[in-house]
Amino acid sequence: MNEHERRLALVVEGILDSYREHGNINHLDGSNLPARSEVSELLDDLISVVFPGYFNGEQLDELTSRYFVGARCARILRRMEQVTGRALAVHCDGAGDSGPSAHEHALELLQAIPQIREQVASDVQAALAGDPAACSDAEIIMSYPGVAAIAVHRVANHLYRRRVPLLPRMMSELVHSRTGIDIHPGATIGASFFIDHGTGVVIGETCKIGHRVKLYQGVTLGAHSVKSREHQSGQRHPTIEDDVTVYAGATILGGDTVIGRGSTIGGNVWLTRSVPAGTTVVLDTPSLRFFNLGER
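Bear in mind the structure is a predicted one, so any value in this text is a computation, not a measurement.

K.L.:
If you had to explain the overall build of the protein to someone new, which residues and values would you point to?
P.N.:
When you go through the protein residue by residue, the secondary structure sums to 7 helices and 14 strands. Residues counted as buried form 40% of the 296 residues belonging to the protein. Sequence-distant contacts in the protein: of pairs separated by 6 or more residues, those separated by 24 or more amount to 47%. Split by element, the accessible area of the protein, about 16,800 Å² in all, is 52% carbon and sulfur. Within the protein, the 34 negative side-chain charges are centred at a point lying 2 Å from the centre of the 27 positive side-chain charges.

The following block contains the structure:
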């Protein structure tokens, strides 16, 4: 063994020692986990069925759509069975124990697509009504990050509510990396939801959002800090009732915090208590100081 081979052997032994010492970040039980690339391809297929003719690169009409949907659903079913079967091997708080099979989960998701499309259609119309710069449904569907994020959330939330482990979070993080919008798949979100601009929006797991809610960029709907997982039961994130608008940079925290129907929360507001219906909350006008760099 030459010097280079000896050094490489020492490197390998050092890594194997690390595996033994820090076993919580290993997955060495011989089973395959869902690959990020597989879930990404599955998600793209699902979105192409939710928005036919927009992202699949094929010309569709009334005649060809039947064949497109049939072929795409068959592919989704196979891919969903594969990745779900692997995900069900990863139990989180008992998820997957004695529950539906991978095939049943896959078929249920396909059966839910008409309902998901109904929700997403209302989200697209909310974006068209809520943004004067929007020109058409096509522009919104193909270029608005808020619509991309909520469309994926509708899919991920379906899987989350059926206790499919791992996949909902993988889907939400894939769209998070694409849009900068972080929506936990457990969040409950009503119809006609619109995120304008979107970058930096965070919506927590137990958040409850009503109908016709509009958020701007940088909004956080979060939880108070907790010391351990034992203190994380129950609702930790706020409730946003119907017809609420939350402007850029606002932070709303706490499971007991309820923003009443029809309220408006101004930019950069920090809220940890409830707001009655029909209330407008804004910061006092800040004190500004102006300096001329040419003067001393």
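K.L.:
Give me the lowdown on the sheet that holds strand β10 (residues 251–253), citing residues and values where you can.
P.N.:
With respect to topology, 5 strands assemble into an open sheet ordered β1-β4-β7-β10-β13, the strand pairing being parallel. The open sheet has two free edges, formed respectively by β1 (182–183) and β13 (270–271), since each of these has just one partner strand. Relative to strand β4 (residues 202–203), β1 is paired through 2 bridges, and the arrangement is parallel. Paired with Ile 183 across the strands is Ile 203, a residue of β4.

K.L.:
Describe in detail the packing of helix α2 (residues 36–50) against helix α4 (residues 102–130), supporting the description with residues and values.
P.N.:
At a minimum axis separation of 10 Å, α2 and α4 run at an interaxial angle of 60°. By the criterion of interaxial angle, the relationship of α2 to α4 is oblique. Handedness of the α2/α4 crossing: right-handed. Counting all contacts with α2, which are made through Leu 46, Val 49 and Val 50, the residues of α4 involved are Leu 109, Ile 113, Arg 117 and Val 120. Of the residues contributing to the contact of α2 with α4, the split by class is 6 nonpolar, no polar and 1 charged.

K.L.:
If you had to explain the pattern of salt bridges to someone new, which residues and values would you point to?
P.N.:
One pass over the structure, following the stated rule, counts 16 salt bridges. Between Arg 20 and Asp 17 there is a salt bridge; the shortest N-O distance is 2.3 Å. Here Arg 20 pairs with Asp 17, and both are found in helix α1 (residues 3–21), just 3 residues apart, close to one helical turn. Relative accessible area serves as the criterion here: at 57%, Arg 20 is assigned to the exposed category.

K.L.:
Before we move on, could you go through empty space enclosed by the protein and cite the residues and values that matter?
P.N.:
The rolling of a water-molecule-sized probe over the atoms marks out the regions of remaining empty space. Considering all chains together, one arrives at 1 cavity of 30 Å³ or more under this definition. In this structure, the largest cavity spans a volume of roughly 40 Å³. If you trace the largest cavity, you find it lined by Ala 149, Val 152, His 153, Ser 172, Val 175, Ile 181 and Ile 183. Every element with two or more residues in the lining of the largest cavity is listed here: α6 (145–161) and α7 (167–179). Here the lining of the largest cavity gets 3 residues from one element, more than from any other, and that element is α6. Classifying every residue of the lining of the largest cavity gives 5 nonpolar, 2 polar and no charged.

Cut-offs used in this document
- Residues numbered from 1 in each chain as written.
- Predicted model: local features only at pLDDT ≥ 70, side-chain atom pairs only at ≥ 80, totals over all residues.
- Heavy atoms only, no water.
- Helix = DSSP H or I, 4+ residues; strand = E, 2+ residues; numbered from the N terminus.
- Buried < 20%, exposed > 50% of the residue type's maximum accessible area, 1.4 Å probe, protein only.
- Contact = heavy atoms within 4.5 Å.
- Areas by Shrake-Rupley, 256 points an atom, 1.4 Å probe, with all protein chains shown as cover.
- Lys, Arg positive; Asp, Glu negative; His and termini not counted.
- Charge placed at Lys NZ, Arg CZ, Asp CG, Glu CD.
- Pairing = 2+ DSSP bridges.
- Axes fitted to C-alpha atoms, helices over the stretch in contact; angles between N-to-C directions.
- Parallel < 35°, antiparallel > 145°, perpendicular 65-115°, else oblique.
- Left-handed = near helix turned anticlockwise from the far one by under 90°.
- Nonpolar A, V, L, I, M, F, W, Y, C, P; charged D, E, K, R; others polar.
- Salt bridge = Lys/Arg side-chain N within 4 Å of Asp/Glu carboxyl O.
- 1 Å grid on protein atoms, 1.4 Å probe; cavity = no way out; pocket = protein on both sides within 12 Å on 5 of 7 lines; lining within 4 Å.
- Points joined across faces, edges and corners; volume = space filled by probe spheres on them.

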